[in-house]
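# Understanding the architecture of this molecule
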Amino acid sequence: MEIGIQLYSVRNYMHNVDEIKSTLAKARECGYTCVETAGYAGLDVVTFNNLLKEADLKAVSMHIGLERVNDEDVLPALCEELEVFGATECCVPGIPWEYYRHTKAGYLAFAEIMEEAAVELAKKGINLSYHNHCHEFEPAATSCGERFIFDSTKQLKMQLDIGHCYAARENPTEWLNRYNDRITTVHYKDTLFDENYKRRDVAICEGEVDWVSATNAIKRSPCKYIIVEHEEFNRDVWDICKTSCDNIKNLLK
């Protein structure tokens with residue numbers, strides 16, 4: 001199992017080629033061996049991949065918009081980009097409001113689109129996942145969005161964002177166990193609530209998430225990549241990124 005970083009975490013340090021080179025090099029120095037993309041910082045896919053190679057990194061997954069999978073005519077372009085990276089994972093990290101609106105019908109309509117794309121991509125050896133935020137765990141009809149999405153699909157994979165799941169007052173390990181056979185990538189994000197009950201993101205193992213339990217569940221799954229994502233930093237960016245990577249390595253021992 002490899003440890004990667006979601007490049008959205010360091011998007012503020014990727015404004016030009018020199019910054020991108022420096023940022024990728026620092027990510028490698030932190031111990032990460034791979035990345036998940038969130039766009040290519042204004043570059044084309046081949047140029048971006050070359051920069052990854054220079055830093056001894058590889059892209060193993062891509063975060064993409066729903067528009068890239070909701071029409072069979074656009075899937076070939078996505079497959080071509082994944083082929084450049086040699087990657088077999090892609091993930092939609094959110095539901096457009098017009099689809100869900102906190103209703104069962106909306107979540108099911110979204111799930112149908114995702115499942116159709118997942119089936120087509122699987123024929124090419126590509127996994128399509130959905131990445132949650134917090135709202136998917138809010139009550140909707142008789143259940144919640146996350147259950148509607150994954151109970152109504154079979155091929156679609158789950159990229160559980162553990163930090164968001166915990167912030168929604170859910171137990172991440174229970175979700176990891178429930179859909180254990182559908183996890184090929186996972187997002188590690190730690191969270192704590194301050195004295196004013198405001199959510200804060202912190203380095204892995206410095207927050208409130210039970211990482212031993214969650215990681216044990218991941219070890220039982222077919223997960224190939226643990227991907228770290230930080231949305232804010234309470235101290236030096238690279239200190240936090242390295243601390244997170246080091247702590248995950250210890251968890252995996």
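These notes cover the structure that comes with them. Once a new chain begins, its residue numbering starts again from 1 and follows that chain's sequence as written. Per-residue local features are limited, in this predicted model, to residues with pLDDT of at least 70; the limit for side-chain atom pairs, both in listing and counting, is 80 or more; totals at the level of whole chains, interfaces and linings are taken over all residues. Derived side-chain values reflect all non-hydrogen atoms in the structure, with water molecules and hydrogen atoms excluded from consideration.

On to the packing of helix α2 (residues 45-54) against helix α3 (residues 75-85), then. Here the axes come from fitting lines to C-alpha atoms, over the contacting stretch only for helices, and the angles between their N-to-C directions go from 0 to 180 degrees. Counting from the N terminus, the helices are DSSP H or I runs at least four residues long and the strands are E runs at least two residues long. One way to put it is that α2 packs onto α3 with a least axis distance of 9 Å and a crossing angle of 25 degrees. Considering their axes alone, α2 and α3 lie roughly parallel with respect to each other. Seen from above, α2 lies across α3 with right-handed handedness. In this structure, α2 contributes Val45, Val46, Phe48, Asn49 and Leu52 to the contact, and α3 contributes Glu81, Val84 and Phe85. In this classification, the charged set is Asp, Glu, Lys and Arg, the nonpolar set is Ala, Val, Leu, Ile, Met, Phe, Trp, Tyr, Cys and Pro, and all remaining amino acids, among them Gly, are polar. Partitioned by chemical class, the residues of the contact of α2 with α3 number 6 nonpolar, 1 polar and 1 charged. Oblique is the label for any angle not covered by the other classes, which are roughly parallel (under 35 degrees), roughly antiparallel (over 145) and roughly perpendicular (65 to 115). Crossings are sorted by hand: turned counterclockwise from the far helix by less than a right angle, the near helix makes the crossing left-handed, and turned clockwise it makes it right-handed. Working rule for contacts: check all heavy atoms of both residues, and any pair within 4.5 Å makes them a contact.

Right, let's talk about the pairing of strand β10 (residues 190-193) for a bit. The side chains of a regular strand alternate between both faces of the sheet. One bridge is not enough; two strands pair if DSSP finds at least two bridges between them. Here 4 bridges tie β10 to strand β11 (residues 199-202), and the two strands are oriented antiparallel to one another. Of the residues in β11, the one forming a bridge with Asp190 is Val202. In this antiparallel pair of consecutive strands, β10 and β11, the connection spans 5 residues, and Tyr197 shows a positive phi of 60 degrees.

Ring geometry is summarised as follows: Phe, Tyr and Trp rings, the Trp one being its six-membered ring, pair when their centres sit within 6.5 Å, and such pairs are stacked at plane angles under 30 degrees, edge-to-face over 60 and tilted between the two. For the structure shown, the criterion picks out 7 aromatic pairs. Judged by centre distance (5.1 Å) and plane angle (75 degrees), the ring pair of Phe137 and Trp175 falls under edge-to-face. Of this pair, Phe137 sits in the loop between β5 (127-131) and β6 (139-140) while Trp175 sits in helix α8 (residues 172-178), and the two are 38 residues apart along the sequence. Neither residue differs from the other here; Phe137 and Trp175 are each classed as buried. Through a chain of ring-to-ring contacts, the aromatic side chains of Phe137, Phe150, Trp175 and Tyr179 assemble into a single cluster. Positioned above the aromatic ring of Trp175 is the side chain of Arg178, whose terminal nitrogen or guanidinium carbon lies 4.7 Å from the ring centre. Summary of the burial criterion: residues with accessible area below 20% of their type's maximum are buried, those above 50% are exposed, and those between are partly exposed, where the area comes from a 1.4 Å probe applied to protein chains only. By the criterion adopted, a ring carries a charge over it if an Arg CZ or a Lys NZ lies within 6 Å of its centre and within 35 degrees of its normal.

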